[in-house]
Amino acid sequence: MIYTLPPLPYASDALEPRMSKETIEYHYGRHLQTYVDNLNALIAGTPYEDMELEEIIMTASGPVFNNAAQVWNHEFFFNTLSPKRINMPQELKDILIRDFGSVEAFHEQFKSAALGLFGSGWVWLAQDRDGRLHIIQESNAGNPMRNGYRPLMTIDVWEHAYYIDYRNRRAVFVDICRDLINWDKVVERLHVKTFDTGK
Ligand code: MN
């Protein structure tokens, strides 16, 4: 199976001025395309060729895992952003209050996890099998589904995600992403029947 880059669910300039068209064109159009191309080259002629992306992520290691997970993580990240501001539904607020004390405490802990992640990686909001939510830091291409969590939301904290617009200011980028998150989508993922993907 040849993976192809699906079109973004919004125009490349739709998130401006918070996330520039140039960032989207480099991040989605070039970085992500490179992971797609690498993945296709790596799996050609191997048993991975016949697997779904999630199955590769759950079973592969090394470069195959890295490129497969980067493809999945990026699609998930970009699909979580919305040009239109989406207020957080009460259903999610209630769960965040239960698991983090308050919605604001969740935001603070999430931001501090994003800033505290050394080097490149992803910070996730994910759900365990008992329904509780967790903030999880993953380095490089890491994805919490490998440890049995259902991903609900993520922010890419690789420097390429923010360097064009915000240079080295990861904190500003994390605040910007908070405003761009489609919280309806996050709630939708709470109700996906297949636990492992949450996609
Ligand atoms: Mn990225």
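First, a word on scope: everything that follows refers to the structure included in this document. Small disclaimer: the values here were computed from a predicted structure and weren't measured. (Residues numbered from 1 in each chain as written. Predicted model: local features only at pLDDT ≥ 70, side-chain atom pairs only at ≥ 80, totals over all residues. Heavy atoms only, no water.)

## Observations regarding the overall build of the protein chain
And then number 1: Looking only at helices and strands, one finds eight helices and three strands in the protein chain.
And then number 2: Start at the N end of the protein chain and walk to the C end: the helices and strands fall as α-α-α-α-α-β-β-β-α-α-α.
And then number 3: For 199 residues, the compact-globule formula gives about 16 Å, and the C-alpha radius of gyration of the protein chain, at 16 Å, lands near that figure.
And then number 4: With respect to the three principal axes, the spread of C-alpha positions in the protein chain is 50 × 40 × 30 Å.
And then number 5: In the protein chain, which comprises 199 residues, the share counted as buried stands at 51%.
And then number 6: Long-range pairs, those at least 24 residues apart, make up 68% of the contacts in the protein chain between residues at least 6 apart in sequence.
And then number 7: Here the protein chain has roughly 9300 Å² of accessible surface; of this, 48% comes from carbon and sulfur atoms.
And then number 8: Of note, the protein chain has its 20 positive side-chain charges centred 5 Å away from the centre of its 27 negative side-chain charges. (Helix = DSSP H or I, 4+ residues; strand = E, 2+ residues; numbered from the N terminus. Rg over C-alpha atoms; globule rule 2.2 N^0.38 Å. Buried < 20%, exposed > 50% of the residue type's maximum accessible area, 1.4 Å probe, protein only. Contact = heavy atoms within 4.5 Å. Areas by Shrake-Rupley, 256 points an atom, 1.4 Å probe, with all protein chains shown as cover. Lys, Arg positive; Asp, Glu negative; His and termini not counted. Charge placed at Lys NZ, Arg CZ, Asp CG, Glu CD.)

## What about the sheet that holds strand β1 (residues 121-127)?
And then number 1: If you walk across this open sheet you meet the three strands as β2-β1-β3, and the pairing is antiparallel. The open sheet is flanked by β2 (133-139) and β3 (150-156), the only strands paired with a single partner. Here the average twist between neighbouring strands, direction ignored, is 25°.
And then number 2: Inspection of the sheet shows β1 paired to β2 by seven bridges, in the antiparallel sense. Bridging from a neighbouring strand, G121 pairs with S139 of β2.
And then number 3: Across the sheet, helix α4 (residues 90-100) is in contact with β1 and β2; its angle to β2 comes to roughly 80°. (Pairing = 2+ DSSP bridges. Axes fitted to C-alpha atoms, helices over the stretch in contact; angles between N-to-C directions.)

## Things to note about the coordination of the manganese ion
And then number 1: Summarising the metal site, the manganese ion is bound by the protein donors H27 (NE2), H74 (NE2), D156 (OD) and H160 (NE2), whose distances to it range over 1.9 to 2.1 Å.
And then number 2: Taken in chain order, the donor set of the manganese ion reads H-x46-H-x81-D-x3-H. You can see H27 sitting in helix α1 (residues 21-43) and its partner H160 sitting in the loop between β3 and α6 (163-166), a full 133 residues away along the chain. (Donors = N, O, S within 2.8 Å, 3.2 Å for Na, K, Ca; no water.)

## Focus on helix α8 (residues 183-190)
And then number 1: Of the positions making up α8, those classed as buried are W183, V186, V187, R189 and L190. Buried residues of α8, viewed axially, fall in a sector of 155°; they line one side.
And then number 2: The distance from a side-chain oxygen at the start of α8 to the backbone nitrogen of D184 is 3.1 Å, and the residue carrying that oxygen is N182. (Arc of directions from axis to C-beta. Polar contact = N/O pair within 3.5 Å; in protein donor to acceptor, adjacent residues only side chain to side chain.)

## Looking at the packing of helix α5 (residues 103-116) against helix α7 (residues 170-180)
And then number 1: Following both chains from N to C, one finds α5 and α7 inclined at 140°, their axes separated by 10 Å at the closest point. By the angle between their directions, the pair α5 and α7 is classed as oblique. Regarding α5 and α7, the two cross each other, and that crossing is right-handed. Residue-level contacts link E104, H107, K111, A114 and L115 of α5 to R170, A171, V174, D175 and R178 of α7.
And then number 2: Looking at the contact of α5 with α7, its residues break down into four nonpolar, one polar and five charged. (Parallel < 35°, antiparallel > 145°, perpendicular 65-115°, else oblique. Left-handed = near helix turned anticlockwise from the far one by under 90°. Nonpolar A, V, L, I, M, F, W, Y, C, P; charged D, E, K, R; others polar.)

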